Amino acid sequence: MASKSTVAVLGPGGTGGLLAALLSRSGHRVVCLAQEHTADTLRRTGITVRSPQFGEFTAPVEADTELREPVDACLITVKHTALEAALTRVPPAALGDALVVPLLNGVEHPAALRERYRPDRVAPAVIRVESTRVSPGVIEHGSPFTEIDLAGDGVPRTRLDALAAVLAAAGTTARVVEDETAALWAKMAFLAPFALLTTRYALPLGEVRTRHRAELEALVAETAAVSRACGAPADPAQALARYDAFPPGAKSSMQRDAEADRPLELDAIGGALLRAAARHDVPAPVTSRLMRELRAAGH
């Protein structure tokens, strides 16, 4: 990528808005793709970030309802529930030679994106961050870290390295990892138990890991077994240690969506986990029960 790149951001919410603002602040041209009222707000106000890591700042961005010109990279940062509709904003012909970089939960979206865009330009990424859009163009970033793992089986390594350098220079901790499957499942193996249990019981992580400890341990073991069957290493003890180290008040994004009566990424997380378990003949009774209970509750 050039020293000053043009980056499109599809879905300038908590994650996308943060990255858009950081990239703009570091001198890159950023085009946010969103609904008309959001695009209009961003054109007028830019994006304001409030963050313990990056401070408070406002960065200008361009905004449109659709990508109309080639870019160096297109970050896809919508929720999985909105992905299909959002992709109409990124016509394949408009992308040029751009990298398509989904930062989505789950493990099934890269295959769908490779059917729509050039397979050797789809570079799945994993982001670890707590960031929330409180209104169009206003982002509250709560975590003291913003970590991105870039992957992409078949994507030229030079392209991945260049994008990682751009993201790192903007303030994130970005790196290229060799194994796309391992990267996606590493997040899935942590996220699925966290999301399903905090949402099912409407409790923060601190209470889940004490009041529902046996269930957490069983779900972590199931998820790790599915991850290993898919070819990705997983360590249940390490996962439990990470949960225990998290602040007790931590909530999953799925739980926050449930509290706000927004659509949940149940299928992208729990559904994908069960489909992978079925493919590899791995028992997943706890996941199955939690999914039944969450759906019975109307989620």
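Report on the accompanying structure. The model shown is predicted, which means the values in this text are computed figures rather than measured ones. (Residues numbered from 1 in each chain as written. Predicted model: local features only at pLDDT ≥ 70, side-chain atom pairs only at ≥ 80, totals over all residues. Heavy atoms only, no water.)

**Some remarks on the pairing of strand β9 (residues 131-135)**
Consideration 1: Here β9 pairs with strand β10 (residues 138-141) via four bridges, running antiparallel. For Arg133, the partnering residue across the bridge sits in β10 and is Ile139.
Consideration 2: In this antiparallel pair of consecutive strands, β9 and β10, the connection spans two residues, and Gly137 shows a positive phi of 85°. (Pairing = 2+ DSSP bridges. Helix = DSSP H or I, 4+ residues; strand = E, 2+ residues; numbered from the N terminus.)

**Overview of the sheet that holds strand β7 (residues 99-102)**
The pairing of strands in a sheet happens through backbone hydrogen bonds and is either parallel or antiparallel.
Consideration 1: Taken together, five strands build an open sheet; the order of strands is β5-β2-β1-β6-β7 and the sheet is parallel. The sheet is open, and its two edges are formed by β5 (62-64) and β7, each paired on a single side. Between one strand axis and the next, the sheet turns by 20° as a mean value, whatever way the strands run.
Consideration 2: The pairing of strand β2 (residues 29-33) with β5 spans three bridges and is parallel. Across the sheet, residue Cys32 finds its bridge partner in β5, namely Ala63.
Consideration 3: Here helix α2 (residues 36-45) sits on the sheet in contact with β2 and β5, set at roughly 165° to β5. (Axes fitted to C-alpha atoms, helices over the stretch in contact; angles between N-to-C directions. Contact = heavy atoms within 4.5 Å.)

**Considering the packing of helix α11 (residues 266-279) against helix α12 (residues 285-296)**
Consideration 1: Two elements in contact, α11 and α12, have axes separated by 10 Å at closest approach and are oriented at 145°. Crossing angle aside, the handedness with which α11 passes α12 is left-handed. Contacts between α11 and α12 pair Leu266, Asp267, Gly270, Gly271, Leu273 and Leu274 from the former with Thr287, Ser288, Met291, Leu294 and Arg295 from the latter.
Consideration 2: Counted by class, the contact of α11 with α12 contains five nonpolar, four polar and two charged residues. (Left-handed = near helix turned anticlockwise from the far one by under 90°. Nonpolar A, V, L, I, M, F, W, Y, C, P; charged D, E, K, R; others polar.)

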